[in-house]
Amino acid sequence: MRITKVSAYAVKSRTAYAMSGAVRPGEQLPGTDYRRFAPHRQLYSDRSEAALVRVETDEGLVGWGEAQAPIGPEVVLTAVEKVLGPTVLGLDPCATTARYLDMYETLRVRGQIGGFQQDAIAAIDTALWDVRGQACGLSVAELLGGRLRDTLPVYVTGLREKSPDGRRAEAADWAARGFGVKPCMGFDARADGAEVVGLREAMGDDAFLAVDGMWGYSLPQARSLGRVLERAGVAFFESPIAPEDVEGHRVLTSVLDIPVAVGEPLRTRHQFLPWLTGRAMDIAQPDLMRNGVGETVAIATLAAAHHIPVALHTGVVTVVGMAASWQVAAALPNFAVQEFQPVMLETFNPLVDQPLTVADGVAHVPTGPGLGIDVDTERVERMSTSRVELGL
């Protein structure tokens, strides 16, 4: 079997992935759909954006993958068109390790071992695993050694109500329905701590409550807030300080009694390794849309060797990325909990013939071959603002 066509789509929905609480209007960048929410400097889109990849073979099998590209998915499309697509055309899609190395080595010596390049590799890699599973008649979870679980406990990221009282009621409602909650914070350590205490009171002592610091605190602020989170019984403290500060995170893990979770900006096992060996994280959060299937498993295996659990990250994500993440999570011995974006599920479930299911606090892992979903290409094309196509 050979790869005969590679297509990539910049998919955009008018549904916005709003900052938690949407308490600030944000600063719009001129001529773009992108804005900042002070004091954070990272960009967010007025739309939900992603990059999808479709791989076709000479035996009629079609695989899908996704790159998490909430900003500038067109950059992923360029990497697919100019570098990565031509690298895999004509080759065996089932040789997933070989194809990953083919793509990774294209620009490795030039320092392109992260960012959009790696996101694009992740999308193609996932599509190849989808093809491989279909060729074998097995789900990706089964290809990885077997399903250890059919459902995944999930937590909801972000609270959308604009007032603290509204967010407490929203969190209590999710908890009553069996879901965990992870509010996005990083604005003011003292105010954030007070809000977490209120959320805990509203949700009850036994509900799953985590906190995303959005890389927004200094080390002293994170340490102080962490003490409040400890008393509130928070499950983990995600992304507390600057993402480059490995040593700062190591210090934080050594002084806090709650787990520190990191992983969203890291793309490869090589990038995770110093965090793991340095004990700078207590929970690893690889993002499959930035790592790919094979590399996510490699990262999880490294984490397991350090006795560290894995909670797969998902941000702005379509059902392609969700299905792929759930398949891998189902096969990981050290899996802990799955991030869930309900607005994204509602927005992108129409892309597949059989919708993904999340209910009563758990995600149901698809059982079909490959990713276990049947993506409707015409629906993807209708939601796309641009695409590239390469073929033999």
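In case you missed it, the structure is sitting above this.
Small disclaimer: the values here were computed from a predicted structure and weren't measured.

The rules behind the values
Residues numbered from 1 in each chain as written. Predicted model: local features only at pLDDT ≥ 70, side-chain atom pairs only at ≥ 80, totals over all residues. Heavy atoms only, no water. Phe/Tyr/Trp six-rings, centres within 6.5 Å; stacked < 30°, edge-to-face > 60°. Helix = DSSP H or I, 4+ residues; strand = E, 2+ residues; numbered from the N terminus. Lys NZ or Arg CZ within 6 Å of the ring centre and 35° of its normal. Buried < 20%, exposed > 50% of the residue type's maximum accessible area, 1.4 Å probe, protein only. Bend = angle between axes of the 7 residues up to and from the residue. Polar contact = N/O pair within 3.5 Å; in protein donor to acceptor, adjacent residues only side chain to side chain. Contact = heavy atoms within 4.5 Å. Pairing = 2+ DSSP bridges. Core = buried A, V, L, I, M, F, W, Y, C linked by side-chain atoms within 4.5 Å. Disulfide = S-S within 2.5 Å. Axes fitted to C-alpha atoms, helices over the stretch in contact; angles between N-to-C directions. Salt bridge = Lys/Arg side-chain N within 4 Å of Asp/Glu carboxyl O. Expected span 1.5 Å × (residues − 1).

Engineer: Help me understand the packing of aromatic side chains in this model?
Structural biologist: For any pair of aromatic rings, the description rests on two quantities: the centre-to-centre distance and the angle between the ring planes. Per the counting criterion, the structure on display carries eight aromatic pairs. Seen in terms of ring centroids, Phe179 and Phe340 are 6.2 Å apart; in terms of plane orientation they differ by 25 degrees. Their pairing is stacked. Pair noted here: Phe179 is in the loop between helix H5 (164–176) and strand E8 (180–182) and Phe340 is in strand E13 (residues 338–340), with a separation of 161 residues, a long-range link. Clustering of aromatic rings is evident, with ring pairs tying together Tyr155, Phe208 and Phe236. Sitting over the face of the ring of Trp129, Arg132 holds its NZ or CZ atom 4.6 Å from the ring centroid.

Engineer: Help me understand unusual backbone geometry, please; the structure alone is not making it clear to me.
Structural biologist: Excluding glycine, residues mostly carry a negative phi; peptide bonds, for their part, are mostly trans. Backbone geometry places Trp215, a non-glycine residue, at a positive phi of 60 degrees. Mapped onto the secondary structure, Trp215 falls in the loop between strand E9 (211–212) and helix H7 (219–231). The backbone of Asp360 sits at a positive phi, close to 55 degrees, despite the residue not being glycine. Along the chain, Asp360 turns up in the loop between strand E14 (357–359) and strand E15 (362–364). Judged by relative accessible area, which is 67%, Asp360 ranks as exposed.

Engineer: I tried to follow the environment of Val365 on my own but got confused; where do I start?
Structural biologist: Looking at where Val365 falls in the secondary structure, it is placed in the loop between E15 and helix H14 (377–383). A sequence separation of 24 residues divides Val365 from Gln341, and the C-alpha atoms of the two residues are 15 Å apart.

Engineer: Got a minute to help me understand helix H1 (residues 73–88) in this structure?
Structural biologist: Side chains that are three or four residues apart share a direction in an α-helix, a result of its 3.6 residues per turn. Maximal helix bending in H1 amounts to about 50 degrees, located at Val80. Of the residues making up H1, those classed as buried are Pro73, Val76, Leu77, Ala79, Val80, Leu84, Gly85 and Val88. Once H1 finishes, Gly90 follows within two positions and takes phi at roughly 85 degrees, a positive value.

Engineer: What am I meant to see in the side chain of Ser13 here?
Structural biologist: Summarising the element assignment, Ser13 is placed in strand E1 (residues 3–13). With relative accessibility at 8%, the residue Ser13 sits in the buried group. There is a polar contact of 3.1 Å between the side chain of Ser13 and the backbone nitrogen of Thr15. Sequence-distant contacts of Ser13, defined by excluding residues within four places in its chain, comprise Arg47, Ser48, Thr347, Phe348 and Met383.

Engineer: I tried to follow the sheet that holds strand E11 (residues 260–262) on my own but got confused; where do I start?
Structural biologist: Strand pairing in a sheet takes place through backbone hydrogen bonds and is either antiparallel or parallel in direction. Strands sit in the order E9-E10-E11-E12 across an open sheet of four strands; the sheet is parallel. The strands lining the two open edges of the sheet, one partner per strand, are E9 and strand E12 (283–284). In this sheet, E11 lies alongside strand E10 (residues 237–238) in parallel orientation, the contact comprising two bridges. Note that in E11 the partner of Glu238 across the bridge is Ala261.

Engineer: Even after reading the chapter, I still don't get the nonpolar core, so can you show me in this structure?
Structural biologist: A general trend in soluble globular proteins is that nonpolar side chains are found buried together. Residues Phe237 and Met281 are the most contacted members of the largest nonpolar core, which totals 84 residues. Here the element with the most residues in this core is helix H12 (residues 319–331); it accounts for 10 residues. Not counting residues within four places of it along the chain, the set of residues in contact with Met281 comprises Thr253, Val260, Val262, Leu266, Phe272, Trp275, Leu276 and Ile308. Of all hydrophobic cores here, the second largest spans 27 residues; its members include Leu77, Val88, Tyr100 and Ile121.

Engineer: When you look at the state of the cysteines in this model, what are you seeing that I'm missing?
Structural biologist: One way to say it: the disulfide is the covalent bond shared by the sulfur atoms of two cysteines. Following the criterion strictly, the structure yields zero disulfides and no others. Lacking any disulfide linkage, Cys94 is separated from the closest cysteine sulfur, that of Cys136, by 5.9 Å.

Engineer: Quick question: what am I supposed to make of the sheet that holds strand E5 (residues 48–57) here?
Structural biologist: Pairing in this open sheet of four strands is antiparallel, and the strands run E6-E5-E1-E16 from one edge to the other. Two strands close off the open sheet at either side, each with one partner strand: strand E6 (62–67) and strand E16 (384–391). Each adjacent strand pair in this sheet contributes to an overall mean axis angle of 15 degrees, direction not counted. Pairing of E5 with E6, which is carried by six bridges, proceeds in the antiparallel orientation. When the bridges of E6 are listed, Val55 appears paired with Gly63. Across the sheet, helix H3 (residues 115–136) touches E1, E5 and E6, and the angle it forms with E6 is around 150 degrees.

Engineer: What exactly am I supposed to notice about the pattern of salt bridges here?
Structural biologist: Two side chains that carry opposite charge are able to pair once their charged atoms sit near each other. Summed over all chains, the structure comprises 25 salt bridges. Two residues, Arg267 and Asp119, come together in a salt bridge whose shortest N-O distance is 3.0 Å. Here the residue Arg267 occupies a position in the loop between E11 and helix H9 (269–277), and Asp119 occupies one in helix H3, the gap between them amounting to 148 residues. The exposure class assigned to Asp119 is buried, which follows from its relative accessible area of 3%. A salt bridge links Arg147 to Asp150; the nearest nitrogen and oxygen atoms lie 3.1 Å apart. Connected via shared salt-bridge partners are Lys5, Arg54, Glu56, Glu381, Arg387 and Glu389.

Engineer: Just to check I follow, could you spell out the environment of Ile283 for this structure?
Structural biologist: Examined against the element boundaries, Ile283 turns out to sit in strand E12. Separated by 28 residues in sequence, Ile283 and Ala311 have C-alpha atoms that sit 6.9 Å apart.

Engineer: Can you help me understand H12 in this one?
Structural biologist: In this model, H12 (13 residues) spans 19 Å end to end at C-alpha, consistent with the 18 Å of a helix rising 1.5 Å per residue. One side-chain oxygen of the residue at the start of H12 lies 3.1 Å from the amide nitrogen of Val320, identifying that residue as Thr318.

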